[in-house]
There are 2 protein chains.
Amino acid sequence: MEEKETLKEYRMNYQLAYFDCDYTGHLSLEMMLMLMILASEKQNDSLGTGMKATQKFGAGWVILDYEGHLNGELPRDGENITVGCKIAAYNRFFVVRDFWLENAAGKQVATVRGMFTFMDLKKRKMTPIPEAIMAPYEQKATIRLPRPKSPDKVEVDDRWQSKDYQTRYADIDSNGHVNNARYVEWLLDALPAGFLADHRLTGFRLNYRHEVRPHSLVTSMVAPFDADADEMTSQHVIQVAGQTHASASFDWQKI
Amino acid sequence: MEEKETLKEYRMNYQLAYFDCDYTGHLSLEMMLMLMILASEKQNDSLGTGMKATQKFGAGWVILDYEGHLNGELPRDGENITVGCKIAAYNRFFVVRDFWLENAAGKQVATVRGMFTFMDLKKRKMTPIPEAIMAPYEQKATIRLPRPKSPDKVEVDDRWQSKDYQTRYADIDSNGHVNNARYVEWLLDALPAGFLADHRLTGFRLNYRHEVRPHSLVTSMVAPFDADADEMTSQHVIQVAGQTHASASFDWQKI
């Protein structure tokens, strides 16, 4: 007999402010991801397994991959949105979380799947997830995980455009390294000026490989692509001192 | 007989998220200013004189000066705060707004006075404030305005340290120019690395002279000062192509 699980969902209401939006007046991708992480932190807190609990184990969650799908335009400044999350699956080392975003009309405009690992904050290495951290979810561990899709495999060559960024104090969060969402600013900033005004993001795959430490010179690189095509995918990497720290594929539709 | 006015106050409750805080885990100065502006926009909206109303006149509010006083440490990630605002005074061209911030315990931890002008968005020039915009405040115009104090008069010389910033797409707001709060990131980023960890801001005076347009190379400069003193004031300017766009004096206490 198959046992059915009821996955614990968490829903967070939020009113978008002007500073959550980009120059087009819509929720920015980096703020969307930050709000999703905030929702998962609130869910953990509500179950007693938040930051305070993980810090007792000297560990914390680290994002490895995101896969996102967007369904129409993102909500606007002032709009009341709902951010939802649940744990899709987990095993001894990884947790896959599903996130979604509803606009003011209740339409689901974005879904994001994220894979996280549990990291020993001193050794900066993966460590097994303690049972106490997962128990309140009342969800069984699984062997196979529904992994987010990876960015396309690409090789950087001379034709790629690049832009350099010195990390700013405001990029650093209270963990002492660059907040993950800031990578998205660098990734998107490598696109042609004004690109977001006439292109709509329809999907993305984003892979984090290494953290960016304070005082780093970051290079954001984008492969050549046809910005005039009706649909296209832009390929991106972020490097520090020639080493790739993150890569991404963004799918676009001309508007 | 003197007529007494009851100034209309507006109070906004807000729970701080991790992305509102800097690397010390406290509300960042730039987010504090953005939340104060948000509160004043909400107050305007509640009186029917928000962005939609000012846009009918082809105009909008522009910040000229801030003077701030901090009373102890700023609230932390997760804390429930209250942001208040009211109009201190106004005349035909300028509005002076008072802002304050209460921490979760109800203690007033910051007061900020800001002077704003009304700008024709096409001509990028000051324009008289329409009566219809101020009428709902039921407050009389005054001749003399309680102006925020200016930054100290300083001359940039060779001993000043400077850092360059290429504006990022994420610095640009839906008005098409760099959001005012981003200047604060550049100003504070010119301080020595880790400075915010062992110094507490006790006051600031900030003057905006010119907007920063997209694709600008911004230089943030700071005068030499004794970072080991118990109390000190740092002097800052922001330049674009050798022209000063903003200046600031920040008062610090060693902690």
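Within every chain, residues take consecutive numbers counted from 1 along the sequence as written. Chains and ligands are labelled sequentially in the order written, the chains with letters from A and the ligands with numbers from 1. In view of the model being predicted, local features appear only for residues whose pLDDT reaches at least 70, and side-chain atom pairs are presented and counted only at 80 or more, with totals across whole chains, interfaces and linings using the full set of residues. To obtain the side-chain values, all non-hydrogen atoms of the structure were used and water was disregarded.

## Considering the overall build of chain A
Rules: The numbering of helices and of strands both runs from the N terminus, where a helix is a DSSP run of H or I of at least 4 residues and a strand a run of E of at least 2. The globule rule used here is 2.2 Å times the number of residues to the 0.38 power, and the radius of gyration it is set against is calculated over C-alpha atoms. Only protein chains enter the area calculation, which uses a 1.4 Å probe; residues under 20% of their type maximum are buried, those over 50% are exposed, and those in between are partly exposed. Two residues form a contact once any of their heavy atoms are found within 4.5 Å. Residue burial considers only the protein chains on display, and all accessible areas are found by Shrake-Rupley using a 1.4 Å probe.
Summing up its helical and strand segments, chain A has 4 helices and 11 strands in all. Since a compact globule built from 255 residues should have a radius of gyration of about 18 Å, the 18 Å found for chain A is in line with a globular shape. Across its three principal axes, chain A shows a C-alpha extent of roughly 55 × 45 × 40 Å. Within chain A, the fraction of its 255 residues that count as buried is 55%. Considering only contacts in chain A between residues 6 or more positions apart, those separated by 24 or more positions represent 73%. Of the accessible surface of chain A, which amounts to about 12,200 Å², a share of 48% is contributed by carbon and sulfur atoms.

## Considerations on the layout of surface pockets
Threshold: For cavity detection a 1 Å grid was placed over the protein atoms alone, and a set of points counts as a cavity when a 1.4 Å probe fits there but cannot get out; an open set counts as a pocket when protein lies on both sides within 12 Å along at least five of seven lines, with lining residues being those that have an atom within 4 Å of a point. Grid points are joined across faces, edges and corners, and a volume is the space filled by probe spheres set on the points. Each residue receives one of three labels: charged for Asp, Glu, Lys and Arg, nonpolar for Ala, Val, Leu, Ile, Met, Phe, Trp, Tyr, Cys and Pro, and polar for the others, Gly being one of them.
The computed volume of the second largest pocket comes to approximately 1,200 Å³. Lining the second largest pocket we find 43 residues, and of these A:E41, A:M51, A:N175, B:Y18 and B:D77 sit closest to its centre. At the level of elements, helix 1 (29-46), helix 2 (51-56), strand 2 (59-70), strand 5 (108-120) and helix 4 (180-189) of chain A are the ones that each hand at least two residues to the lining of the second largest pocket. Broken down by element, the lining of the second largest pocket gets its largest block of residues, 9 residues, from helix 1 of chain A. Taken together, the residues of the lining of the second largest pocket break down into 19 nonpolar, 15 polar and 9 charged.

## Here we look at the interface of chain A and chain B
To be explicit about the condition: Buried surface area refers to the total accessible area, computed with a probe of radius 1.4 Å, that the two partners give up upon joining, counted for both partners together. We define a salt bridge as a contact between a side-chain nitrogen of Lys or Arg and a carboxyl oxygen of Asp or Glu at a distance within 4 Å.
The interface of chain A with chain B comprises 35 residues on the first partner and 35 residues on the second. Overall, the association of chain A and chain B removes approximately 3,000 Å² of surface from exposure, summing both partners, and the carbon and sulfur fraction of that is 57%. The three residues of chain A that bury the most area against chain B are A:Y18, A:R168 and A:Y169, which together make up 31% of that side's buried surface. Here chain A and chain B share 4 salt bridges between them.

## With respect to the packing of aromatic side chains
Remark: the centre distance and the inter-plane angle together describe each pair of aromatic rings, the angle taken between the planes. All names here are of chain A. As a reminder of what qualifies: Aromatic pairs are defined between Phe, Tyr and Trp rings, using the six-membered ring for Trp, whenever the two ring centres lie within 6.5 Å; interplanar angles under 30 degrees are classed as stacked, those over 60 as edge-to-face, and all others as tilted. Any Lys NZ or Arg CZ that is within 6 Å of a ring centre and within 35 degrees of that ring's normal is treated as a charge sitting over the ring.
All told, the structure shown has 22 aromatic pairs over all chains when counted by the stated rule. Relative to F225, the ring of F195 lies with its centre 5.7 Å away and its plane at 85 degrees, an arrangement referred to as edge-to-face. Of this pair, F195 sits in the loop between helix 4 and strand 8 (199-208) while F225 is found in the loop between strand 9 (217-222) and strand 10 (231-240), placing the two residues 30 residues apart along the sequence. We note R97 situated over the ring of W61; from NZ or CZ to the ring centre the distance is 6.0 Å.

## Description of the pairing of strand 11 (residues 243-254) of chain B
Residues and elements named next belong to chain B. Under the convention used in this document: One bridge is not enough; two strands pair if DSSP finds at least two bridges between them.
Summarising burial for strand 11: 9 of the 12 residues are buried, a large majority. Judged from the 9 bridges that link them, strand 8 (residues 199-208) and strand 11 form a sheet pairing that is antiparallel. Bridge pairing in strand 11 links R200 to Q253. One ladder, built from 10 bridges, connects strand 10 (residues 231-240) with strand 11; its direction is antiparallel. Bridge assignment links H236 to a residue of strand 11, and that residue is A248. Taking the residues between adjacent antiparallel strands as the criterion, strand 10 and strand 11 are bridged by 2 residues, where A241 takes a positive phi near 50 degrees.

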